[in-house]
Amino acid sequence: MSQSTQLTDTGQLKHFLSIDGLSKALLTEILDTAESFIEVGERKIRKVPLLRGKTVVNLFFEASTRTRSTFELAAKRLSADVLNLNISTSATSKGESLSDTLLNLEAMASDMFIVRHSQSGAPHFIAESVTPGVGIINAGDGWHAHPTQAMLDMLTIRQNKGTFDGLRVAIIGDIMHSRVARSQIQALNTLGASEVRIIAPSTLLPPEVESLGVNVYHQLHSGLNDIDVVIMLRLQRERMQGALLPSEQEYFQQYGLTQEALANAKPDAIVMHPGPINRGVEIESAVADGTQSVILDQVTNGIAVRMAVMSMAMSGQTQERNALTQGA
Amino acid sequence: MFDQQATQDLLDELAKSLDQWLTKKSLAGFEIIGIRSGGVWVAQALMERLNINQALGELDISFYRDDFNRKGLNDSISPTSLPFNTESKHLILVDDVLMSGRSVRAAMNELFDFGRPASITLVTLIDLGRRELPIAPQITGAMVTLADNERVKLIGPDNLEVSLYS
């Protein structure tokens, strides 16, 4: 992806579409800014006036509860006005094209679109076709990327481990269909983790998986050896139909994270999951609710990370607009 | 403008004035809050001189500035830290240089999101007297008049020094 789409001429974020190609310094800036927003979330009044008067549109072409509601809360805590559009039940079902929908939303003086779409690359397409001055945040596109999820995971890891240096991280499950895993792998490698392992049956691995900068394991127990951070992925039940897996029971036996399996990782390893979790399919309840689990911290961090990228992208849009005005 | 020694002398004076203010007002308990970064350094120097041993609040006003639509976010942001309850408390708000008054407005807006203080006293090391808002310090170290293109800033955190630039 061309970086000129997401960055201003001076290297500031103006859209947030993918982790791919972003520098360690920029990812660290996102995490640092998010830390400040975590503090805001602990106040009596959990709101700052930064985006007062701005309009943020949640443009979800694919169903989502957690991601959409944390984006909505994030925008509201920045004092923006929020419009939630569930496109799958809206104008497009009446035959309106994506371009026409966007034109209408721009006519409502929107400043930022949060886009989720089942097609890989849709947010990128919108970022390139939208009026200058409107920021686009990718809230998950196809199998491609889910960069805010990856960054909230990075924040959770940094809070618990302090640093990425020397860390060994295992990502377990359906890598092939996971936009979360792709973004996590890019973020971990950029931030300097020692090793990123993926543990999965070969039917759930993308082709040429090693080119992503990971070590591949097929056995859960040996794969968890020496691991500091365990990231489980949701087994997307809809994938079962493609005969990629024999059965949920068999998958759980081989790849389900049980306390017994987790004992192979380091004693202070943390357990993460992007949610929604399938208890008894990819993770045992005792682990999901156990002392090593930080799954609910991830949700809290999701609000702060989304506040950070929204304000940074709006800041980049502002700086670019001012540079254009001054140049004119 | 004020070299290291002159800055130390200025801080001595400021501490004396603050001490007199506190005695005169006989405030029943107060909290001290510095505006990052310079205000925090000044507050630390004052607490050291007055032997005040309590947690210092540090305010980062990045999310409250009134020029986000002109300049965007600050380059470096760190979390505000108020390790005490501010509700119904007397607050001593400390900054290094007072010019337009816009930072103090942002700081007060932020403080009110933590609760309703009993009072806020503004202490600044330098007052440039170029106010754009109706805000005035109760205690100040020195009034300084500059040429239009001149600015001052406090260099720190070690060996504090007020430096002039244009």
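Residues numbered from 1 in each chain as written. Chains lettered and ligands numbered in written order. Predicted model: local features only at pLDDT ≥ 70, side-chain atom pairs only at ≥ 80, totals over all residues. Heavy atoms only, no water.

Asks: I tried to follow the interface of chain B and chain A on my own but got confused; where do I start?
Replies: Think of interface size as the accessible area that goes away when the parts come together; that is how it is often given. With 19 residues of chain B in contact, the opposing surface of chain A contributes 24 residues. Buried surface at the junction of chain B and chain A, both sides included, amounts to about 1,700 Å², of which 57% is carbon and sulfur. Viewed at the interface, chain A and chain B are joined by two salt bridges. For Glu87(B), the salt bridge goes to Lys44(A), with nearest N and O atoms at 2.9 Å. Put simply, the parts of the chain that give the side of chain B that touches chain A at least two residues each are helix 3 (68-71) and helix 4 (102-112) of chain B. Tallying contributions element by element places helix 3 of chain B first for the side of chain B that touches chain A, with four residues. A per-class count over the side of chain B that touches chain A returns eight nonpolar, six polar and five charged. (Contact = heavy atoms within 4.5 Å. Buried area = accessible area lost by both parts, 1.4 Å probe. Salt bridge = Lys/Arg side-chain N within 4 Å of Asp/Glu carboxyl O. Helix = DSSP H or I, 4+ residues; strand = E, 2+ residues; numbered from the N terminus. Nonpolar A, V, L, I, M, F, W, Y, C, P; charged D, E, K, R; others polar.)

Asks: What should I look at first to understand the side chain of Thr124(B) in this one?
Replies: Here Thr124(B) shows up in strand 4 (residues 119-127). Excluding residues that lie within four positions of it along the chain, Thr124(B) makes contacts with Leu14(B), Asp95(B), Asp96(B), Leu98(B), Pro137(B), Ile139(B), Thr140(B) and Gly141(B).

Asks: Honestly, empty space enclosed by the protein in this entry has me stumped. Any pointers?
Replies: In this approach, a probe sized like a water molecule rolls over the atoms, and the result shows the empty space that is left. All chains considered together, the criterion is met by one cavity of 30 Å³ or more. Taken as a whole, the largest cavity holds about 40 Å³ of empty space. Lining the largest cavity are Ser36(A), Glu39(A), Arg43(A), Asp60(B), Phe63(B), Ile77(B), Ser78(B), Pro79(B), Thr80(B) and Glu110(B). Among the residues forming the lining of the largest cavity, the class breakdown is three nonpolar, three polar and four charged. (1 Å grid on protein atoms, 1.4 Å probe; cavity = no way out; pocket = protein on both sides within 12 Å on 5 of 7 lines; lining within 4 Å. Points joined across faces, edges and corners; volume = space filled by probe spheres on them.)

Asks: Please explain the packing of helix 2 (residues 24-41) of chain A against helix 7 (residues 179-191) of chain A as it appears in this structure.
Replies: When two helices pack together, their arrangement is given by the angle between the helix axes and the distance between those axes. Residues and elements named next belong to chain A. Where helix 2 meets helix 7, the axes come as close as 9 Å, and the angle between the chain directions of the two elements is 105 degrees. Considering the angle they form, helix 2 stands roughly perpendicular to helix 7. On helix 7, the residues touching Lys 24, Leu 27, Thr 28 and Leu 31 of helix 2 are Ala 187, Thr 190 and Leu 191. The residue makeup of the contact of helix 2 with helix 7, split by class, is four nonpolar, two polar and one charged. (Axes fitted to C-alpha atoms, helices over the stretch in contact; angles between N-to-C directions. Parallel < 35°, antiparallel > 145°, perpendicular 65-115°, else oblique.)

Asks: What is the right way to read the domain arrangement of chain A from this model?
Replies: Residue and element names in this part refer to chain A. The domain boundaries assigned to chain A delineate domain 1 (3-145 + 300-327) and domain 2 (147-299). On the domain 2 side, the residues contacting the 37 residues of domain 1 number 30 residues. In this assembly, domain 1 packs against domain 2 so that about 2,600 Å² is buried in total across both faces, 59% of it on carbon and sulfur atoms. On the domain 1 side of the contact with domain 2, Ile 19, Leu 31 and Trp 143 bury the most area, a combined 27% of that side's loss. As a salt-bridge pair, Glu 35 and Arg 158 come within 3.6 Å of each other at their nearest N and O atoms. Taken together, the connections running from domain 1 to domain 2 amount to 15 residue pairs in polar contact (both at pLDDT 80 or more). Listing elements by their share of the side of domain 1 that touches domain 2, those giving two or more residues are helix 2, helix 3 (66-77), strand 3 (112-117), strand 4 (135-141) and helix 12 (295-327). (Domains from an automatic or database assignment. Polar contact = N/O pair within 3.5 Å; in protein donor to acceptor, adjacent residues only side chain to side chain.)

Asks: What exactly am I supposed to notice about the nonpolar core here?
Replies: Buried together is how nonpolar side chains tend to be arranged in soluble globular proteins. Residues Phe37(A), Ile171(A) and Leu93(B) are the most contacted members of the largest nonpolar core, which totals 89 residues. Per-element accounting of this core gives the leading share, 10 residues, to helix 12 of chain A. Structurally, this core is a two-domain feature, drawing no fewer than three residues from each of domain 1 (3-145 + 300-327) and domain 2 (147-299) of chain A. Not counting the four nearest positions on each side in its chain, Leu93(B) is found in contact with Ile33(B), Ile35(B), Leu59(B), Val104(B), Ala107(B), Met108(B), Leu111(B), Ile120(B), Thr121(B), Leu122(B) and Val123(B). Trp41(B), Ala45(B), Leu146(B) and Leu160(B) belong to the second largest nonpolar core, which has 35 residues in total. (Core = buried A, V, L, I, M, F, W, Y, C linked by side-chain atoms within 4.5 Å. Buried < 20%, exposed > 50% of the residue type's maximum accessible area, 1.4 Å probe, protein only.)

Asks: Help me understand the layout of surface pockets, please; the structure alone is not making it clear to me.
Replies: Considering only enclosed or pocket space, the largest pocket measures out at about 1,200 Å³ in volume. Lining the largest pocket are 39 residues, and of these Ile61(B), Arg65(B), Asp67(B), Lys71(B) and Ser103(B) sit closest to its centre. Considered class by class, the residues forming the lining of the largest pocket number 13 nonpolar, 12 polar and 14 charged. The computed volume of the second largest pocket comes to approximately 550 Å³. What lines the second largest pocket is a set of 25 residues, among which Arg116(A), Arg179(A), Arg234(A), Gly275(A) and Pro276(A) lie closest to the centre. Those elements that provide at least two residues to the lining of the second largest pocket are helix 3 and helix 7 of chain A. Considered class by class, the residues forming the lining of the second largest pocket number six nonpolar, 11 polar and eight charged. Two domains share the lining of the second largest pocket, each providing at least three of its residues, namely domain 1 (3-145 + 300-327) and domain 2 (147-299) of chain A.

Asks: What should I look at first to understand unusual backbone geometry in this one?
Replies: Generally, phi is negative for residues other than glycine and the peptide bonds are trans, each holding for most cases. Residue and element names in this part refer to chain A. In the segment running from Gly 275 into Pro 276, the intervening peptide bond is cis, with an omega of -5 degrees. As for its placement among the helices and strands, Pro 276 is situated in the loop between strand 9 (270-272) and helix 11 (285-288). With phi around 70 degrees, Ser 79 is a residue other than glycine that occupies positive phi space. Tracing the chain through its elements places Ser 79 in the loop between helix 3 and strand 2 (81-86).

Asks: Would you take a moment to explain the pairing of strand 6 (residues 151-155) of chain B for this structure?
Replies: For a regular strand, side chains alternate in direction, first toward one face of the sheet and then toward the other. All names here are of chain B. What you see with strand 6 is a clean split: Val 152 and Leu 154 sit on the buried side and Arg 151, Lys 153 and Ile 155 on the side with no burial. Here five bridges tie strand 6 to strand 7 (residues 161-165), and the two strands are oriented antiparallel to one another. Each bridged residue has a counterpart across the sheet, and for Ile 155 the counterpart in strand 7 is Glu 161. (Pairing = 2+ DSSP bridges.)

Asks: In this structure, what is going on with the sheet that holds strand 4 of chain A? I would like to understand it.
Replies: All names here are of chain A. With parallel pairing, the four strands of this open sheet are ordered in space as 2-1-3-4. At either margin of the open sheet sits one strand with a lone partner, and together these are strand 2 and strand 4. The average angle at which neighbouring strand axes cross in this sheet is 15 degrees, direction not considered. In the packing of helix 3 onto the sheet, the strands contacted are strand 1 (55-60), strand 2, strand 3 and strand 4, and the crossing angle to strand 1 comes to about 175 degrees. Across the sheet, helix 5 (residues 122-129) lies against strand 3 and strand 4, angled at about 165 degrees from strand 4, the strand it touches most.

Asks: I keep staring at the packing of aromatic side chains and nothing clicks. Help me out?
Replies: Aromatic ring pairs are reported here in terms of the distance separating the ring centres and the angle at which the planes meet. Following the criterion strictly, the structure yields two aromatic pairs over all chains and no others. Seen in terms of ring centroids, Phe37(A) and Phe63(B) are 4.0 Å apart; in terms of plane orientation they differ by 10 degrees. Their pairing is stacked. In this pair, Phe37(A) sits in helix 2 while Phe63(B) sits in the loop between strand 2 (57-59) and helix 3, so the two residues belong to two different chains. Phe37(A) gets classed as buried once you look at its relative accessible area, which sits at 2%. Ring centres 5.5 Å apart and planes at 35 degrees place the aromatic pair Tyr251(A) and Tyr255(A) in the tilted group. Taken as a pair, Tyr251(A) and Tyr255(A) lie in helix 9 (residues 248-255) at a separation of four residues, close to a single helical turn. Residue Tyr251(A) is classed as buried on the basis of its relative accessible area, which comes to 2%. Across from the ring centre of Phe71(A), 4.9 Å away, lies the NZ or CZ of Arg306(A), which sits over that ring. (Phe/Tyr/Trp six-rings, centres within 6.5 Å; stacked < 30°, edge-to-face > 60°. Lys NZ or Arg CZ within 6 Å of the ring centre and 35° of its normal.)

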